[in-house]
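Here is what each chain is made of, one letter per residue.
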Amino acid sequence: MAKLSRLTVITVSSVALLALNACAGIPTSGSVNHYADPRATASSTSESIEIDGPAGGASPEEIIRGFLNAGVGVRDDYKVAREFLTDDYAQSWAPDDHTVVYSDQPSITNSSGDSYKVSVPATSEIDDRGIATSFNANETKNLEFELKRVDGNWRISSAPGEIVLQQNQFDQVYNPFTLYFFDPTYSYAVPDVRWFADRDTVATSLIRVLLQGPAPYLKDAVVSAVPEGTKLTRNSVPVDGGTADIDISGDGISNNLSQLTIERINAQMNETLTSLANINSVKLLLNGQAVQTGTLSEVNPIVDHSVPDSVIGTEDGSLVTRSQIDDPASQSTVYTPQGANATLPAMGIARGIYSYLSEDRKNMWLVRNGEAQQILTGNDLSQPSFDYLHWAWVAHDNSTISVVSSTAENPEPEDLEVPWLNGYSVHSINISRGGSRAVLTGTDGTYSYVWVSGVIRGKDGKPTGLQEPVRIGTSIIPDYADFTSDQEIVVANYEEGTAEIVSLSGISRSLEPLKGLTKLTVGGGDNQIMAETKDSTLYRLTSSGWTRVESSMHDFNYSG
């Protein structure tokens, strides 16, 4: 008889994937890739789980359920789960391909002979690259098991190469981790959030998927310094004394790699792994040979690019700027429209270039050298957003996204091909500081959404499209969204006066409601979030909540 065992697993509970709450205006059916959906809690608590091995005389159904429950034992390479398998199959079973998460109990039926079908009402799943997909309605996954008797007891002789976890089990053993890629200029680090079981081999998992490239929504929007086809020379990334040894090889890895490429590879892997508690540095090896790194410090990408304190706003219909929002002495008038008031202004990254809309949101103007030029006419124009390559972005006429080079001698707007937006009306669009991602809000007339999409550009940096997006889970009906950092987004609903900050790993923080909220604007970080209400009162977000700011300006906006 197989030895009965019990393993106690001590883990730190992470907040995990949940399906979207079914409330008005939020989708409740269908599936879509997510960073993650709203969390029940943002706190972490230590928890002890006891895992029982197979009991003597257990029925096939009891063996299967015990095996599924033992999937929480990741830190010991599923030692107890393997006890439910035949000896031969326990040696070959590879459980790292896929993880299915469920909330309601799976059903088990005897399909024929010693074959059993397990129907799992899945709420989400994680693929072998750590990419999460959440389902707004349960999606049934049918799994096939084969059993046989070993010394008078049932054991599993064939099972899917995946782990099936109840939601609370998933919460305890899986965590979000961040891979880093580059924007096309290699100036900015772009995060790519993945989910893995938090165990000793997680460094190996992260580097393995980093070598495979970015998630689909970032394809063609970011670049990797790692040559295509590169693999780990050995099947692990050993960590000794806080240093991870990363040995890579492949057709593109040779002694002819430039020092610049080597430094970029090292920087990309360093950004990815040093977020782990047990790693503070990486040692890069090419085909088994250690290489020198750290000689070109300028290759380190910018992470969480800071945003200047300077702001643009309006006063008495004119565009005005300040070096700081609470420094009225620095205020200067940029431009005064003739016969109309400016609204929803935007300021280029380098300042000196501005944009604004007409009050009816039918016309967009570009202001340079004290002169304004009307460059776009349409319906329901969104507030413009500038990227760091000086392209101005605006959504209009439901799903049309237009861009215009603000530095061109004769700026002309061009419409992007974004077929996935067909059938939607876009409320807002904002571009990340690194220029590789856009966050949009929109509606199909029934439900409202927040999307993050990779920005596709030509070799000259010109935007050419938006990649098929991921949807960000939020508990409010979104009118507006913008990046507050590389990994956080603020979402607002103006009618209800509600807002929340959602991290790309899915943890959300609700902000204090503001009655009459009409506008939210974001710089970088929580201390650069401003709100305006119907009576033109301004508020700044502080650690204690919204704090009123006395100012004659309104319609504030930071650069970008």
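Note that the coordinates shown come from a computational prediction; the quantities given were computed from them, not determined experimentally.

Calculation rules
- Residues numbered from 1 in each chain as written.
- Predicted model: local features only at pLDDT ≥ 70, side-chain atom pairs only at ≥ 80, totals over all residues.
- Heavy atoms only, no water.
- Helix = DSSP H or I, 4+ residues; strand = E, 2+ residues; numbered from the N terminus.
- Buried < 20%, exposed > 50% of the residue type's maximum accessible area, 1.4 Å probe, protein only.
- Contact = heavy atoms within 4.5 Å.
- Areas by Shrake-Rupley, 256 points an atom, 1.4 Å probe, with all protein chains shown as cover.
- Lys, Arg positive; Asp, Glu negative; His and termini not counted.
- Charge placed at Lys NZ, Arg CZ, Asp CG, Glu CD.
- Core = buried A, V, L, I, M, F, W, Y, C linked by side-chain atoms within 4.5 Å.
- Expected span 1.5 Å × (residues − 1).
- Axes fitted to C-alpha atoms, helices over the stretch in contact; angles between N-to-C directions.
- Parallel < 35°, antiparallel > 145°, perpendicular 65-115°, else oblique.
- Left-handed = near helix turned anticlockwise from the far one by under 90°.
- Polar contact = N/O pair within 3.5 Å; in protein donor to acceptor, adjacent residues only side chain to side chain.
- Pairing = 2+ DSSP bridges.
- Phe/Tyr/Trp six-rings, centres within 6.5 Å; stacked < 30°, edge-to-face > 60°.
- Lys NZ or Arg CZ within 6 Å of the ring centre and 35° of its normal.
- pLDDT = per-residue confidence, 0-100.

1. So, the overall build of the protein chain
- The number of helices and strands found in the protein chain is 6 helices and 41 strands.
- For the protein chain, the spread of C-alpha atoms along the principal axes amounts to about 90 × 60 × 40 Å.
- Within the protein chain, the proportion of its 560 residues that are buried is 55%.
- At a minimum sequence separation of 6, the contacts of the protein chain that also span at least 24 residues come to 57%.
- With an accessible surface of roughly 23400 Å², the protein chain has 43% of that area assigned to carbon and sulfur atoms.
- Taken together, the 38 basic and 70 acidic charged side chains of the protein chain have centroids lying 3 Å from each other.

2. Things to note about the nonpolar core
- Counting residues in hydrophobic clusters, the biggest one holds 49 residues, and the most contacted among them are I207, I246, I248, M269, L273 and I489.
- Broken down by element, this core gets its largest block of residues, 7 residues, from helix α5 (residues 202-212).
- Look past the residues within four positions of I248 in its chain and what remains in contact with it is L211, T230, K231, L232, T233, I253, I265, M269, L284, L285, L286 and N287.
- Residues I63, L85, V100 and L143 belong to the second largest nonpolar core, which totals 42 residues.

3. Some remarks on helix α6 (residues 259-273)
- Between the first and last C-alpha of α6 there are 21 Å, a value that for 15 residues agrees with the 21 Å anticipated at 1.5 Å per step.
- When α6 is considered as a whole, its buried residues turn out to be I262, E263, I265, N266, A267, Q268, M269, T272 and L273.
- Among the structural elements, β10 (174-182), α5, β14 (243-249) and β15 (281-286) are those in contact with the buried residues of α6.

4. Regarding the packing of α5 against α6
- Here α5 crosses α6 at 140 degrees, and the two axes come no closer than 10 Å. The pairing of α5 with α6 is recorded here as oblique in orientation. In this structure, α5 crosses over α6, and the sense of that crossing is right-handed. Within the contact between the two elements, α5 uses A203, L206, I207, L210 and L211 and α6 uses Q268, M269, T272 and L273.

5. With respect to the environment of T243
- Along the chain, T243 falls in strand β14.
- For T243, a relative accessible area of 23% corresponds to the partly exposed category.
- Remark: the alpha-carbon pair of T243 and T274, spanning 31 residues in sequence, is separated by 9.2 Å.
- Aside from chain neighbours lying at most four places away, what touches T243 is P238, S281, V282 and K283.
- One polar contact links T243 to S281, side chain to side chain, over a distance of 2.9 Å.

6. A short note on the pairing of strand β33 (residues 480-485)
- β33 sits mainly inside the fold: 5 of its 6 residues count as buried.
- Adjacent in sequence and paired antiparallel, β33 and strand β34 (residues 488-493) are bridged by 2 residues.

7. Some remarks on unusual backbone geometry
- Even without glycine at this site, Y186 takes up a positive phi of about 65 degrees.
- Relative to the helices and strands, Y186 resides in the loop between β10 and β11 (189-197).
- The exposure class of Y186 is partly exposed, given its relative accessible area of 25%.
- Here the phi dihedral of D380 falls at roughly 55 degrees; this positive angle occurs in a residue that is not glycine.
- Note that D380 resides in the loop between β23 (371-377) and β24 (385-386).

8. Brief notes about the pairing of β23
- Relative to β23, strand β22 (residues 363-368) runs antiparallel, the two sharing 6 bridges. Pairing of N363 across the sheet is with T377, part of β23.
- In this structure, the hairpin formed by β22 and β23 is closed by a connection of 2 residues, where N369 is found at a positive phi of approximately 55 degrees.

9. Observations concerning the sheet that holds strand β20 (residues 343-347)
- Taken together, the 4 strands give an open sheet; going across it, the order is β20-β21-β22-β23, and neighbouring strands pair in antiparallel fashion. Looking at strand neighbours, the two that pair on one side only are β20 and β23, the edges of this open sheet. Pairwise comparison of adjacent strand axes, ignoring direction, gives a mean angle of 25 degrees for this sheet.
- Here 3 bridges tie β20 to strand β21 (residues 353-357), and the two strands are oriented antiparallel to one another. Of the residues in β21, the one forming a bridge with M347 is Y354.

10. Structural notes on the packing of aromatic side chains
- Counted by the stated rule, this structure contains 14 aromatic pairs.
- These aromatic residues form a ring-pair network of at least three members: F67, Y78, W93 and F145.
- It is R264 that lies over the ring of Y186; its NZ or CZ is 3.9 Å from the centre.

11. Observations regarding the confidence of the model for the protein chain
- For the protein chain, the average pLDDT comes to 87, and 91% of its residues sit at 70 or higher.
- Here residues 1-47 is modelled with pLDDT under 50, and outside its nearest four sequence neighbours on either side it reaches 162 contacts, counting other chains as well.

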